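Below are the chains, spelled out letter by letter.
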Amino acid sequence: MSGGSTGPDNFSYPQQASSFAAEQLSPAFPARAAWGTAGHLRAWQAEALEKYLGSGARDFLAVATPGAGKTTFALRVAVELMGAGIIKKLTVVCPTEHLKGQWAEAAARVGIHIDPAFRNSQGRAGSHFDGVAVTYAQVAANPAVHAMRTNAHSTLVIFDEIHHAGDSLSWGDGVEQAFSSATRRLSLTGTPFRSDSARIPFVTYAEDEDGIRRSRADYAYGYAQALADGVVRPVLFMSYSGSMHWRTRAGDEIVARLGEPLTKDMMKQAWRTALDPKGQWIQAVLAAADQRLSEVRRSVDDAGGLVIATDQNSARAYARQLRLITGEAPTVVISDDAGASEKIDEFRAGTSRWMVAVRMVSEGVDVPRLAVGVYATNASTPLFFAQAVGRFVRARKRGETASIFIPSVVDLLELAEHMEVERDHALKKMGEEIPDDEIALREANREEHASDDLLPGFEALNAEAEFDRVLFDGASFGTGADVGSVEEQEYLGIPGLLEPEQVTTLLRARQEQQTKAQRRQSQAQKLREGNAGLPLHRVRAQRRKELSNLVSTWARRSNTSHAIVHAELRRRCGGPEVAQASTEQIEARINLLRDWFIGKL
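In every chain, residue numbers begin from 1 and rise along the written sequence. Whole-chain, interface and lining totals are the exception, using all residues; otherwise, since this is a predicted model, local features are given only for residues with pLDDT of at least 70 and side-chain atom pairs are given and counted only at 80 or more. Each side-chain value is worked out from all heavy atoms of the structure, with water and hydrogens disregarded.

(A) Expanded view of the nonpolar core. Among the nonpolar cores identified, the biggest contains 124 residues, and F73, L156, L186, W281, V374 and F405 are the most heavily contacted of them. Per-element tally for this core: the top contributor is helix α11 (residues 280–296), with nine residues. We call two residues in contact when some of their heavy atoms are within 4.5 Å. Not counting residues within four places of it along the chain, the set of residues in contact with F73 comprises W44, Q45, A48, L49, F60, A62, L186 and L188. Only buried residues count toward a nonpolar core, which is a set of Ala, Val, Leu, Ile, Met, Phe, Trp, Tyr and Cys residues joined through side-chain atoms within 4.5 Å. Burial classes: relative accessible area under 20% of the type maximum marks a residue as buried, over 50% as exposed, and values in between as partly exposed (1.4 Å probe, protein chains only). We count a stretch as a helix when DSSP gives it H or I for four or more residues in a row; a strand needs E for two or more, and each element gets its number in order from the N terminus.

(B) How the structure looks around the pairing of strand β4 (residues 89–94). Burial of β4 is extensive: five of the six residues sit out of reach of the surface. Examined bridge by bridge, β4 and strand β7 (residues 155–159) share five bridges and lie parallel to one another. When the bridges of β7 are listed, V93 appears paired with F159. Of the pairings in the sheet, the one linking β4 to strand β6 (residues 131–135) comprises five bridges and is parallel in character. Paired with V93 across the two strands is V134, which belongs to β6. A strand pair is defined by DSSP finding two or more bridges across the two strands.

(C) Summary view of the pattern of salt bridges. When a carboxyl oxygen of Asp or Glu lies within 4 Å of a side-chain nitrogen of Lys or Arg, that pair is called a salt bridge. Taken as a whole and judged by the stated rule, the model has 20 salt bridges. Close ionic contact of D345 with R348 constitutes a salt bridge, the shortest N to O distance being 2.5 Å. Highlighted residues: D345 and R348, both in helix α13 (residues 340–349), separated by three residues, approximately one helical turn. Since its relative accessible area comes to 22%, R348 is described here as partly exposed. Salt bridges linked by common partners bring R233, D302, R396 and E400 together as one network.

(D) Region of interest: the packing of aromatic side chains. Stacked, tilted and edge-to-face are the three classes applied to pairs of Phe, Tyr and Trp rings, where Trp contributes its six-membered ring and a pair requires centres within 6.5 Å; stacked means planes under 30 degrees apart, edge-to-face means over 60, and tilted covers the rest. Scanning all chains against the criterion turns up 13 aromatic pairs. Arranged with centres 5.8 Å apart and planes meeting at 45 degrees, the rings of W44 and F73 form a pair that is tilted. Here F73 lies in helix α4 (residues 70–83) and W44 lies in helix α3 (residues 43–55), a separation of 29 residues in the sequence. F73 matches W44 in its accessibility class, with the two residues each being buried. Each member of the aromatic cluster is reached from another via a ring pair, and the members are W44, F73, Y219 and Y221. When the ring centre of F347 is taken as reference, the NZ or CZ atom of R369 above it lies at 4.1 Å. Two conditions define a charge located above a ring, namely a distance within 6 Å from the ring centre to NZ of Lys or CZ of Arg, and an angle within 35 degrees of the ring normal.

(E) Region of the structure containing the sheet that holds strand β5 (residues 114–115). Strand order in the open sheet formed by seven strands is β5-β6-β4-β7-β8-β3-β11, with parallel pairing between adjacent strands. Unpaired on one side and paired on the other, β5 and β11 (219–221) mark the two borders of the sheet. This element, α4, spans β3 (59–64), β4, β7 and β8 (184–189) of the sheet and lies at about 170 degrees to β8. Each axis is a line fitted through C-alpha atoms, and for a helix only the stretch in contact is used; angles between axes span 0 to 180 degrees, taken between their N-to-C directions.

As structure tokens, then:
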């Protein structure tokens, strides 16, 4: 663009606006901007800004993965529009009270002052403010107040997580009534859109070849692209299964394994049993997560962890367990607490290990040092899962990874494997009736807050944890192991500062080692079964002879003495000299030697 571009407001955007993307490149282009350079737009932000300024559209929908930096992009749009005289006031609509303050702080850093404490009863914001930050619920409570403010000045309205405008009919209607006259409307979201068909105001829908009306984003930046650009962290999902034992409302006792194919009701009950604060499953997973956090903090000294709980009672119980595990009281964030926002701010600025919360930090809250998470909630919608994972993916420097511990529940495993999949919000065909089974499915996918009142008579009896697998970059690693086993420790001990390719290489090596160890154990078991009828001293003599032959062969091929080979075998496998070693210890050395031959010859 040699002479700048002209929008519908007949304002000619200067050359520097259209060339901004070329001059302010992001960490995705280290040659143009140092990693993590403050004050510079990332490449996607610059590209989205250029597209926005070139379009001059009244309504614009930007979809960007959590942690990518939607706030920075939106505020840059506001700066450009204010500088051009297109708008004079800014209104930010967001899901929670805490986010109002967060937006105000971010806006102040670019010279825009908005009032996060504005109340409907005021009618007008103070003249010394450039705008206000409000919640969707606040707008729905009195749309006329916000319509009056919007009509009084040329206004840009930023909808943070616009999908919330479809949470209830009153919210959507209120937003539409309040801001239909806005000069510009910028809608942001970082998640798959709603699973129901509630229309979202100011979002454009286009009918596809099947007659389904789908939302159309004006700019989209997905997780896969953000990961490739180094904008977000890669995520290791640590999955734990185990045996669950519970009593149903009818008084029947059921035992089932978490992660195995179960009916929908049984899956929910097994999941709920796993999350029971009195059970061993959650205690073992919290201990494993804290061990993982300690490993990450070796290279990222301020790394923090977050437990997302189902309800307040569980959150407080998990906090007590973490205190016993770590010796440090975690930060507990309950939405009912008056100082919840202050607690989050204090945790964000500090270096303490753990925060436990119900839902308050599931969306939008920015705590970049969060690196380890425990998904201890029974919410299973793609929307909530994506937002929860989004709390951990904000990258600060190269090599940081996120680790999230999840139950081995089929729904969660599928979401973890396909978290980079994009979903458009789809409305049913015009005039089409919603089938009863689809209504039931939507009801089942709503936010779940299981409690004793909802399932009277249900009782979790016992829950044992087992390490299941690691999910990374759409692939699965590991073949299951006991909690506290060497195999589990190998995965928990993965360094916290690695490039994605290094993580994949290390995971493959871990899995190969685990597979070999299990093969050796299986072979040893077969040998024991095959020699069941022989006297023990004869079996041991045979194994000693076999070991001696293998050591001799290996010593010749490696040009090493027999004593050195035996010493290395003892060092790796443990145990005394061959003469005092048990049959199992000798078999372990035989299997290790065989692995050496396979790897060397």
